[in-house]
Amino acid sequence: MKKHLILICLTACISGSACTEKSDKDPHFMPPSILTEKEEVVYPDDLPEPGEMIPYEESPVDRPYRPITVKYASGYPPVSSWKQANTRLLAYMYGYERRISTYEEYSAVTDEYGAYTADGAQQATGRFYVKKIDDRWWIIDPHGYRYYMRGVASFRKGTSDRNKKAWSERFGSDDNWVSVSRNELARMGVHSTGAFGTNGAYGIQQTYNAANANAPFPLAPSFGFLSQFRSQKKHAYADGNSANAVGLVLYDDWGAFCEEYMRSSAFQPYVNDQNTFGFFSDNELDFSSQNNAILQRFLDIKDRSDVAYLTARAFMDEKGAAKVTDALNNEFAGMLAEKYYKGVREALDKIDPQLLYLGSRLHGTPKYLEGVVRAAGKYCDIVSINYYSRWSPEGKTYMPKWAEWAGKPFVVTEFYTKGVEDSDLNNGSGAGFCVPSQKERAYAYQHFTLGLLEAKNCVGWYWFKYQDDDGTDNSSKPANKGIYDNYYQLFPYLSQMMREINYNVYNIIEYFDQQ
């Protein structure tokens, strides 16, 4: 069994002046914090030396920093070609001084949800909701406090032999599993789960929440509305192709089905539940993909009586168009998205209008289609984005466009990196970048989340995922995606550098928002 080293420091290092001196090179330099098992701040001596102070190229505000360089790759191991990117760490940001360094300090200014209690409350409704305060969007927690989402996706038990053995040895019961995981994650500033809680995890989590009102573990379940619509109403994918799934919303009974499904036993456990943060109606719907426009795909449907083909044909005839263009495809995709999200929204308003609708986890091309994002913003409370293929969040381009198009906040529902050199997994699957080791995973987390915190329309993120893949996951291509390894042990360097960001999200936001 592979053991992870836990960073532990001497008391003298924790409190000594040598650990807290500022760099001669930069009077605003604050050394990076790594939190030990005792959750006291120490400063590692192995952090990469930063470069000279420069502006951050994707920043919408003037906050320079001293970059480190990190290697990453978009392919699967063995990696034949690495790219290099400037990377931000909290330690090397000009003018920023960390305010919170211990869990004791963090818990003094946050409540059981991880919301910020130090500057007063908004209206408390007993449920989560979103509100724009001044020019920044916020989640408001059930007590009325401003909350920035820091969550983890795919909270579930592993299914490989070593997962099962480790789970039994470490937890032994469902309640202990949720309780220990919830408390360990909360002490990292991670307070919620989102999507893919299979193997009964949602129900186990709700049972825990019912018995632990003072230490809840909110969840955001994911559903497959379109696949259920297809199977329950006996509709067929056009040409038998699941990529054409969104064409199902063109059937007249889509809206009625959404209400029927929300009244069913599959959805009802989450209705009027204070600790159900919100829900996802589907995942990564193909409103178009790279070089595969949905309008053209529907025009190519062989069954000329199919409703998707007929709708596409009528659209082209109405436009007097002979050829699919990007503009026409954008408009058509937006029309489909409008029908999709409207059906879910109108049903939800009848069932539980206070439950946050988080959309369908836009990814790839769809998150860059104005028509799709506008439709999502019109009917969702928060637009969900699975954010891959970018080392840095697009602070000067698409994040501002999402604010304009949607008129609603967004949350990143998937992002992660995979360590290559110190993982026993082949890392042969997944959309996240490969990086050399767990240290680079930690650096990537700080870099990416700092970019999100700058965006006033972003209300948080979910790391993908709770635990590494293992065994036969992803067609025997398991990957180092988790906060936990396959023995249910936290990756120390990653989790500890997560804490530095997570503990300080509210004062980092204040730093970025200073005029």
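Only a predicted model underlies this, so the values are computations on that prediction, with no experimental measurement involved.

### Considering the packing of helix 13 (residues 438–454) against helix 16 (residues 505–513)
For the pair helix 13 and helix 16, the least separation of the axes is 9 Å and the interaxial angle reads 60°. Taken together, the axes of helix 13 and helix 16 lie oblique to each other. When you trace helix 13 past helix 16, the crossing you get is right-handed. Touching Leu450, Leu453 and Glu454 of helix 13 are Val505, Ile508, Ile509 and Phe512, all from helix 16. Residue composition of the contact of helix 13 with helix 16, by class: six nonpolar, no polar and one charged.

### Notes on the side chain of asparagine 480
Among the secondary structure elements, asparagine 480 is positioned in the loop between helix 14 (473–476) and helix 15 (492–503). On the accessibility criterion, asparagine 480 (0% relative accessible area) is buried. A polar atom in the side chain of asparagine 480 sits 2.9 Å from the side chain of glutamine 438. Beyond its immediate chain neighbours, meaning those up to four positions away, asparagine 480 contacts Thr417, Lys418, Gly419, Ser423, Leu425, Asn427, Gln438, Arg441, Asp468 and Phe491.

### Observations concerning the layout of surface pockets
Taken as a whole, the largest pocket holds about 530 Å³ of empty space. Along the walls of the largest pocket sit 25 residues, with Glu284, His363, Tyr388, Glu414 and Ala431 positioned nearest its centre. A per-class count over the lining of the largest pocket returns six nonpolar, ten polar and nine charged.

### Section: the sheet that holds strand 6 (residues 136–140)
Taken in spatial order, the three strands make up an open sheet running 5-6-7, and their pairing is antiparallel. Edge strands, defined here as strands with exactly one partner in the open sheet, are strand 5 (129–133) and strand 7 (146–147). Pairing geometry for strand 5 and strand 6, over five bridges, is antiparallel. Bridging from a neighbouring strand, isoleucine 133 pairs with arginine 136 of strand 6. Packing against the sheet, helix 16 makes contact with strand 6 and strand 7, and its axis sits at approximately 165° to strand 6.

### Thoughts on unusual backbone geometry
What is expected of a backbone is that most residues other than glycine have negative phi and most peptide bonds are trans. Of note, the amide linkage connecting proline 77 to proline 78 takes the cis form, showing an omega dihedral of 0°. Structurally, proline 78 is set in the loop between strand 3 (68–72) and strand 4 (83–87). Phenylalanine 464 connects to lysine 465 through a cis peptide bond whose omega is 25°. Positive phi, normally seen in glycine, also occurs at serine 154, with a value near 60°. Within the secondary structure, serine 154 sits in the loop between strand 8 (149–153) and helix 3 (161–170). For serine 154, a relative accessible area of 1% gives the class buried.

### Quick word on the packing of aromatic side chains
Tallied over the entire structure, the rule returns 61 aromatic pairs. Considering the side-chain rings of phenylalanine 279 and tyrosine 357, the 5.1 Å spacing of their centres and the 20° angle between planes classify their relative orientation as stacked. Linking phenylalanine 279 in strand 10 (residues 278–279) with tyrosine 357 in strand 11 (residues 356–357), this pair joins segments that are 78 residues apart in sequence. A relative accessible area of 0% means that tyrosine 357 is categorised as buried. The ring of tryptophan 138 is capped by arginine 146, whose NZ or CZ atom sits 4.4 Å from the centre of that ring. A cation over an aromatic ring shows up here: lysine 401 above the ring of tyrosine 398, its NZ or CZ 4.7 Å from the ring centre.

### A word on the side chain of arginine 146
Locating arginine 146 in the fold gives a position in strand 7. Look past the residues within four positions of arginine 146 in its chain and what remains in contact with it is Ala115, Tyr116, Asp119, Ile133, Trp138, Ile139, Ile140 and Tyr506.

### Section: empty space enclosed by the protein
The final tally for this structure, using the stated rule, is three cavities of 30 Å³ or more. Approximately 130 Å³ is the volume found for the largest cavity. A breakdown of the residues in the lining of the largest cavity according to their chemical character gives eleven nonpolar, four polar and one charged.

### What about the environment of methionine 262?
If you trace the backbone, methionine 262 turns up in helix 7 (residues 254–262). A relative accessible area of 0% means that methionine 262 is categorised as buried. A C-alpha to C-alpha distance of 33 Å links methionine 262 and glutamate 184, two positions 78 residues apart in sequence. Beyond its immediate chain neighbours, meaning those up to four positions away, methionine 262 contacts Phe225, Phe267, Gln268, Phe279, Val344, Ala347, Leu348 and Ile351.

### Some details on the environment of arginine 63
Note that arginine 63 resides in the loop between strand 2 (41–42) and strand 3. For the pair arginine 63 and tyrosine 96, spaced 33 residues apart in sequence, the C-alpha separation works out to 9.2 Å. Once residues within four sequence positions are removed from consideration, arginine 63 is found in contact with Tyr56, Tyr511, Phe512 and Gln514. Looking at arginine 63, its side chain comes within polar contact range of the main-chain oxygen of tyrosine 511, at 3.1 Å.

### Regarding the pattern of salt bridges
Following the criterion strictly, the structure yields 29 salt bridges and no others. Measuring nitrogen to oxygen at the nearest pair gives 3.9 Å for the salt bridge that ties lysine 342 to glutamate 346. Here glutamate 346 and lysine 342 lie together in helix 10 (residues 326–351), a separation of four residues that amounts to about one turn. One continuous salt-bridge network, built from bridges that share partners, spans Arg162, Asp424 and Asp470.

### Some points on the sheet that holds strand 16 (residues 458–463)
Across the sheet, which stays open at both edges, the five strands sit in the order 9-8-16-13-12 with parallel pairing between neighbours. Each edge of the open sheet carries a strand with a single partner, namely strand 9 (192–194) and strand 12 (383–386). Between one strand and the next, the sheet's axes are offset by a mean angle of 30°, whatever the strand orientation. Bridging between strand 8 and strand 9 involves three bridges; their strand directions are parallel. Residue pairing for strand 9: alanine 153 is matched across the bridge by glycine 194.

What counts, and where the lines are drawn
- Positions within a chain are numbered from 1, following the residues in the order the chain's sequence is written.
- Predicted model: local features are reported for residues with pLDDT of at least 70 only, side-chain atom pairs are reported and counted for 80 or more only, and whole-chain, interface and lining totals are derived from all residues.
- Each side-chain value is derived from all of the structure's non-hydrogen atoms; neither hydrogens nor water enter the calculation.
- Between N-to-C directions, angles span 0 to 180 degrees; the directions come from axes that are lines fitted to C-alpha atoms, helices contributing only their stretch in contact.
- We count a stretch as a helix when DSSP gives it H or I for four or more residues in a row; a strand needs E for two or more, and each element gets its number in order from the N terminus.
- Reported orientations rely on four angle classes, namely roughly parallel under 35 degrees, roughly antiparallel over 145, roughly perpendicular from 65 to 115, and oblique for the rest.
- Each crossing is labelled by how the near helix is turned from the far one, with a counterclockwise turn of less than a right angle marking it left-handed and a clockwise turn marking it right-handed.
- Should any heavy atoms of two residues lie within 4.5 Å, those residues are considered in contact.
- Residue type decides the class: Asp, Glu, Lys and Arg count as charged, Ala, Val, Leu, Ile, Met, Phe, Trp, Tyr, Cys and Pro as nonpolar, and the leftover types, Gly among them, as polar.
- Using a 1.4 Å probe on the protein chains alone, a residue whose accessible area is under 20% of its type maximum counts as buried, one over 50% counts as exposed, and one in between counts as partly exposed.
- Here a polar contact means two N or O atoms within 3.5 Å. Within protein one must be a hydrogen donor candidate and the other an acceptor candidate, and residues neighboring in sequence count only if both atoms are side-chain atoms.
- Grid points spaced at 1 Å and placed over the protein atoms alone form the basis of the search, with a cavity being a set where a 1.4 Å probe fits but cannot get out and a pocket an open set showing protein on both sides within 12 Å along at least five of seven lines. Lining residues have an atom within 4 Å of a point.
- Grid points are joined across faces, edges and corners, and a volume is the space filled by probe spheres set on the points.
- Think of it this way: DSSP has to see at least two bridges between two strands before they count as a pair.
- Within 6.5 Å between ring centres, the rings of Phe, Tyr and Trp (the latter by its six-membered ring) count as paired, and their orientation is classed by plane angle as stacked under 30 degrees, edge-to-face over 60, tilted in between.
- Criterion for a charge above a ring: Lys NZ or Arg CZ within 6 Å of the ring centre, and within 35 degrees of the ring normal.
- A side-chain nitrogen of Lys or Arg and a carboxyl oxygen of Asp or Glu constitute a salt bridge if their distance falls within 4 Å.

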